[in-house]
Amino acid sequence: LDWPVFSKLVMVSIAPHPLHVVADLGPIGQGASQARYFQAENGTEYVVKAPHLTGGNNPFVAANEVIAAEVAIALGLPTLEWRLLELAGALYFGAQRVDFAPLFDATIITQLQNKERIYDMVVFDLWLMNIDRHDGNIKARKVQNQPDQYVLLMIDHSHLLLPPGRRVEDLPALVNYY
């Protein structure tokens, strides 16, 4: 399973029509994936990830994101809308850019409309072996027209299944590890 083979599978079965990128809005400025902001032809801004952005440190970054997004959607878990994007012949995973609460703290937790989903997130992360869930990628989004109400969204799945330094051959040994 490598990115060129996986990207062709995604193109044919999951997202046959990638959106064209009209503007590279620059790096998000943090994170191991070296994600960037792109604006697509539909006018939507996306946080994008691709293996070549990581400098070769995470060849499965986009594949991990696609797998996590599709599993989360299939399970009805709260996650961002995503699209496959294309710029100069290269493919990118793009999660819709949204505004999040500046802090995820005890006050925000009490104002979450879906706080019971925190347990689902824990199970999801364990199941898909996500080693990168921390306070920087647990986010709450303000609910429009509802003061002091938020929803929890699962984001950033670049380090599940095959994070940096892990190879496909390592997966069988990890089944009983977690």
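Residues numbered from 1 in each chain as written. Predicted model: local features only at pLDDT ≥ 70, side-chain atom pairs only at ≥ 80, totals over all residues. Heavy atoms only, no water.

Caption draft 1: The arrangement of the pairing of strand β7 (residues 150-154) in detail. Buried residues dominate β7, accounting for four of its five residues. The pairing of strand β6 (residues 138-142) with β7 spans five bridges and is antiparallel. Bridging across to β7, Ile 138 finds its partner in Met 154. (Buried < 20%, exposed > 50% of the residue type's maximum accessible area, 1.4 Å probe, protein only. Helix = DSSP H or I, 4+ residues; strand = E, 2+ residues; numbered from the N terminus. Pairing = 2+ DSSP bridges.)

Caption draft 2: Geometry of the sheet that holds strand β1 (residues 19-27). The mixed closed barrel is built from five strands, whose spatial order is β1-β2-β3-β5-β4. Looking at each pair of strands side by side, their axes are set apart by 50° on average, direction ignored. (Axes fitted to C-alpha atoms, helices over the stretch in contact; angles between N-to-C directions.)

Caption draft 3: Spotlight on the nonpolar core. Counting residues in hydrophobic clusters, the biggest one holds 17 residues, and the most contacted among them are Phe 124, Ala 140, Tyr 150 and Met 154. With three residues, β7 is the single largest residue contributor to this core. Setting aside residues no more than four positions away along its own chain, Phe 124 makes contact with Ala 68, Val 71, Ala 72, Leu 75, Leu 77, Met 154 and His 157. Of all hydrophobic cores here, the second largest spans twelve residues; its members include Ala 62, Leu 91, Val 98 and Ile 155. (Core = buried A, V, L, I, M, F, W, Y, C linked by side-chain atoms within 4.5 Å. Contact = heavy atoms within 4.5 Å.)

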